[in-house]
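Examination of the molecular architecture
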Amino acid sequence: MWTACKRIIKAGVVGFWRDAFVSFTSVLVITVALFMVATTLFNNHALEVALEDLEEKVDINIYFTITATEEEITAFQGLLEGLPEVAEVTYTSRSQALEEFRARHEGDELIIKGLKELDDNPLGASLSVRAKETSQYEGIATFVVAQHENPPSGTSIIDRVNYNQNKKAISRLNDIINSTRNDNTTKAILLIAIALFVSFNTIRLAIHNAREEIGVMRLVGASNTFISMPFMVSGILQGLIAGVLVVLLLYPALIFYESAFYPFPFFDEAGYGKLLFGYFVINFAAIFFTIVGSGILIGAISSFLAVRRYLRI
Amino acid sequence: MIYFDKVSKIYGEESIALEDVTFEVAPGEFLSIVGHSGAGKTTLIKMLIVEDRPTAGTVYFESKDVHAIPRRQLPRYRRKIGTVFQDFKLLPHKTAYENIAFAMEANGRSDEEIEENVPQALGLVDLADKIWNFPHQLSGGEKQRVAIARAIVNQPDLIIADEPTGNLDPIATYEVVQILKKVNDLGTTIIMTTHNKGVIDALGRRVITMDRGRIVRDDSEGKYVL
């Protein structure tokens, strides 16, 4: 058994080396195919980060009347947090709202003056609600509006909800996000399929060249395993080398890509892992094994399928 | 040892490669099969090594119907037969040594046996000095001698040589035939197809003459008559 394995591996490696031109061509094609697959995956990651970022910016603001007490608002916040669609509820008190308002209109003397003339803080407290999915805002808004129209305590503490003003924009954004995701997934699947198809056919052509050799091996009485395994070893080597090459190429490619297309750092340091190069460095092991593993699988399966064709009588 | 029982091979209505062929080969025989191109010589060989199947009739090797051997067991059957072809059929990316070693590895021989027997086989065909040459570095005659060394190295019961001298000059032809004779003298059965009148006349062994898929003569000490 060990002798047979040793002979198969040796024959595969020697075959890879002696048929250098064919091996080189196959490695080149698998490298290009894997690089295509890798860039598609990175592209998907970048898009996903951008979409998530966009989704995080969407929320519903519920403005309370100035007479609403903090207890009432906290109770309402608890009610909202109990909803399964709600990801996060942030409370802004009346004084915080006033401070933020002042900060926003710092340069506008007229407004600041007007504010000073008022005896009381004119702004109500508010809750900002973020849903888990953008499509869930509709349901949350309906719940809030129902609470507003039929308050359990008799008088509503809610002044207004900003969802209806933003409804069109949110639903539009939701459609854009969904269609972009679907479109990108379809493109990724298509690209990966093309890459696999091209690699498979290159290896098939290489083995087609060796069909007479396979015939000779059969005539000499070699078993199907003894004939096909060395071709698989060569295929695995081709995939392995191509995979490692792609990982090595990704390093400078991602640095170049980011320096060329992201001229300003709009992610802070905590968002490093979200950037392509950061994502690559942090998930290096997983990316390495995915790419190299895919290369090995492409090489092994393609050679197995290709050589099997010539083993039939 | 070998028995062809009413074997026919028909590729289409117009193309009859073999028609009702019946003959027997005894162990240790040196049988030559002669005939024009298209007479059915190569088809007959293909039937014997199960490269092709007959339309009718049965081929027996050591009393077994060779076409009833399950596909998985065909390699084992083929190891009993050494084959030599007009176009040598060597593995181009392997050296002379490796070509012969491959046949032994396929047979499950140990590394020690391979290291001992391969140089011996190459010595027998007078190629001890070309052991590490690749096929493209050898002449036609040398390639054919490597092919013979590969055919004999597993000590098969039968050697089939399909036009082994077809691509060789007279001197290389003589050498190849002498080697085959020597192998036959050691007890191995040989079936050889050929066009070469000189070879047949010099051998003076059994000759089957074929024409359009049929056996037209079977002479025990035949001459090339066509």
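Analysis parameters
Every residue gets a number counted from 1 within its own chain, in the order that chain's sequence is written. Written order determines the labels here, with chains lettered from A and ligands numbered from 1. Totals for whole chains, interfaces and linings use all residues, but because this is a predicted model, local features are given only for residues with pLDDT of at least 70 and pairs of side-chain atoms are given and counted only at 80 or more. A helix here means a DSSP run of H or I that spans at least four residues, while a strand means a run of E at least two residues long, and both kinds are numbered starting from the N terminus. Put simply, the radius of gyration uses C-alpha atoms, and a globule should come to 2.2 Å times the residue count raised to 0.38. For every residue, the other C-beta atoms within 10 Å of its own C-beta are counted; 20 or more classify it as buried, 12 or fewer as exposed, and values in between as partly exposed. C-beta atoms are placed from the backbone. The contact criterion used is a C-beta to C-beta distance within 7 Å, with each C-beta placed from the backbone. Should DSSP find at least two bridges between two strands, the strands are regarded as paired. Note that the domain bounds were set by an automatic or database domain assignment. Scored from 0 to 100, pLDDT records how confident the predictor is in each individual residue. Side-chain classes follow a simple rule in which Ala, Val, Leu, Ile, Met, Phe, Trp, Tyr, Cys and Pro form the nonpolar group, Asp, Glu, Lys and Arg form the charged group, and the remainder, Gly included, forms the polar group. Axis definition: a line fit to C-alpha positions, over the contact stretch in the case of helices; interaxial angles, taken between N-to-C directions, run 0 to 180 degrees. With respect to orientation, any angle under 35 degrees is reported as roughly parallel, any angle over 145 as roughly antiparallel, any angle of 65 to 115 as roughly perpendicular, and every other angle as oblique. If you view the pair so one helix is near and one far, a crossing is left-handed when the near helix is turned anticlockwise from the far one by less than a right angle, and right-handed when it is turned clockwise. Buried Ala, Val, Leu, Ile, Met, Phe, Trp, Tyr and Cys residues whose C-beta atoms connect them within 7 Å together make up a nonpolar core.

Time to look at the overall build of chain A. A tally of helices and strands in chain A yields eleven helices and four strands. By the compact-globule yardstick of 20 Å for 313 residues, chain A is too spread out, its C-alpha radius of gyration being 31 Å. Viewed in the frame of its principal axes, chain A has a C-alpha envelope of about 105 × 40 × 35 Å. Within chain A, the proportion of its 313 residues that are buried is 30%. Within chain A, residue pairs in contact and separated by at least 24 positions form 85% of the contacts whose partners lie at least 6 positions apart.

What follows deals with the pairing of strand β3 (residues 126-131) of chain A. Consecutive side chains of a regular strand alternate in pointing toward one face of the sheet and then the other. Residue and element names in this part refer to chain A. Relative to β3, strand β1 (residues 60-64) is paired through four bridges, and the arrangement is antiparallel. Bridging from a neighbouring strand, Asn 61 pairs with Ser 128 of β3. Relative to β3, strand β2 (residues 86-92) runs antiparallel, the two sharing six bridges. Opposite Thr 92, over in β3, you have Ser 126 as the bridge partner.

For chain A, the domain assignment lists domain 1 (2-55 + 173-309) and domain 2 (58-166). Its C-alpha centre places domain 1 of chain A at a distance of 52 Å from the equivalent point of domain 2 of chain A.

With that out of the way, let us pick up the confidence of the model for chain A. Residue and element names in this part refer to chain A. Looking at chain A as a whole, its pLDDT mean stands at 84, while 94% of the residues score no less than 70. Within chain A, helix α11 (residues 284-309) carries the highest mean pLDDT (91), whereas helix α5 (residues 109-117) carries the lowest (82). Contacts from residues 263-268, a stretch scored under 50 in pLDDT, to residues over four places away or in other chains number two contacts.

We now examine the interface of chain B and chain A. The interface is formed by 15 residues belonging to chain B together with 14 residues belonging to chain A. Where the side of chain B that touches chain A is concerned, the elements lending two or more residues are α2 (74-78) and α3 (96-106) of chain B. By residue number, the principal contributor to the side of chain B that touches chain A is α3(B), which donates four residues. Grouping the amino acids of the side of chain B that touches chain A by side-chain chemistry returns six nonpolar, three polar and six charged.

Turning to the packing of α3(B) against helix α5 (residues 140-152) of chain B, a few remarks are in order. Residues and elements named next belong to chain B. Where α3 meets α5, the closest approach of the two axes is 8 Å, and the angle between their N-to-C directions is 25°. By the angle class used here, α3 and α5 are roughly parallel. As for how α3 packs across α5, the hand of that crossing is right-handed. Of the residues in α5, those in contact with Ala 96, Asn 99, Ile 100 and Ala 103 of α3 are Val 146, Ala 149 and Arg 150. For the contact of α3 with α5, the per-class residue count stands at five nonpolar, one polar and one charged.

With that settled, consider the environment of B:Gln178. Residue and element names in this part refer to chain B. Looking at where Gln 178 falls in the secondary structure, it is placed in helix α6 (residues 170-185). A tally of 11 C-beta atoms within 10 Å means that Gln 178 is categorised as exposed. The sequence separation of Gln 178 and Ser 37 amounts to 141 residues, and the corresponding C-alpha distance is 25 Å.

What follows covers the sheet that holds strand β10 (residues 214-219) of chain B. All names here are of chain B. Spatial ordering of the open sheet is given by β6-β7-β8-β3-β9-β10, a layout of six strands whose pairing is mixed. Of all strands in the sheet, those with a lone pairing partner are β6 (81-85) and β10, marking the two edges. Pairwise comparison of adjacent strand axes, ignoring direction, gives a mean angle of 15° for this sheet. Bridge analysis of strand β3 (residues 30-35) against strand β8 (residues 189-194) gives five bridges, and the strand direction is parallel. Looking at β8, one finds that Leu 31 is bridged to Ile 191. Contacts from α5 reach β6 and β7 (158-162) within the one sheet, and its direction differs from that of β6 by about 170°. On the sheet, α6 packs against β3, β7 and β8 and is oriented at approximately 155° with respect to β8.

Quick look at unusual backbone geometry now. Comment: phi is negative for the bulk of residues other than glycine, and the bulk of peptide bonds are trans. Residues and elements named next belong to chain B. With phi around 50°, Lys 89 is a residue other than glycine that occupies positive phi space. The residue Lys 89 is located in the loop between β6 and α3 in this model. With 21 C-beta atoms packed within 10 Å, Lys 89 lands in the buried category. In this structure, Gln 155 is a non-glycine residue whose phi angle is positive, near 50°.

Residues and elements named next belong to chain A. Pairing in this open sheet of four strands is antiparallel, and the strands run β2-β3-β1-β4 from one edge to the other. One side of each edge strand has no neighbouring strand; the edge strands of this open sheet are β2 and β4 (158-161). Sheet twist, expressed as the average angle between the axes of neighbouring strands with direction ignored, equals 20°. Pairing analysis gives three bridges linking β1 to β4, with the strands arranged antiparallel. By the bridge assignment, Tyr 63 is partnered in β4 with Arg 160.

It is worth spelling out the environment of B:Ile159 at this point. Summarising the element assignment, B:Ile159 is placed in strand β7. Here B:Ile159 is in contact with B:Gly82, B:Val84, B:Ala151, B:Ile152, B:Val183, B:Thr188 and B:Ile190, once residues within four sequence places are set aside.

Residues and elements named next belong to chain B. Looking at the element boundaries, Val 153 is found in the loop between α5 and β7. By C-beta crowding, Val 153 is classed as buried, having 24 other C-beta atoms within 10 Å. Each C-alpha atom of the pair Val 153 and Met 104 lies 7.3 Å from the other, and the pair is 49 residues apart in sequence. Apart from residues lying up to four places away in sequence, Val 153 is in contact with Ile 100, Ala 103, Met 104, Asn 117, Val 118 and Ala 121.

Attention now moves to the confidence of the model for chain B. Here chain B averages 91 in pLDDT, while 100% of its residues score no lower than 70. Scored by ipTM, the complex comes to 0.84, with pTM at 0.75.

Nonpolar side chains in soluble globular proteins generally cluster together in the buried interior. In this structure, B:Ile100, B:Ile148, B:Ala149, B:Ile159 and B:Ile160 are the most contacted members of the largest nonpolar core, which totals 115 residues. The biggest single contributor to this core is helix α9 (residues 224-261) of chain A, with 15 residues. In this structure, A:Ala125, A:Ala131, A:Tyr137 and A:Tyr163 belong to the second largest nonpolar core, which totals 18 residues.

Let us now look at the packing of helix α2 (residues 20-57) of chain A against α11(A). Each packed pair of helices is defined by two parameters, the angle between the axes and the distance between the axes. Residues and elements named next belong to chain A. Running from N to C, α2 and α11 cross one another at 135°; their axes reach a closest spacing of 11 Å. Between α2 and α11, the crossing angle belongs to the class labelled oblique. Between α2 and α11 lies a crossing whose hand is right-handed. In contact with Ile 30, Leu 34, Val 37 and Ala 38 of α2, α11 contributes Ile 291, Ser 294, Gly 295, Ile 298 and Gly 299. Looking at the contact of α2 with α11, its residues break down into six nonpolar, three polar and no charged.

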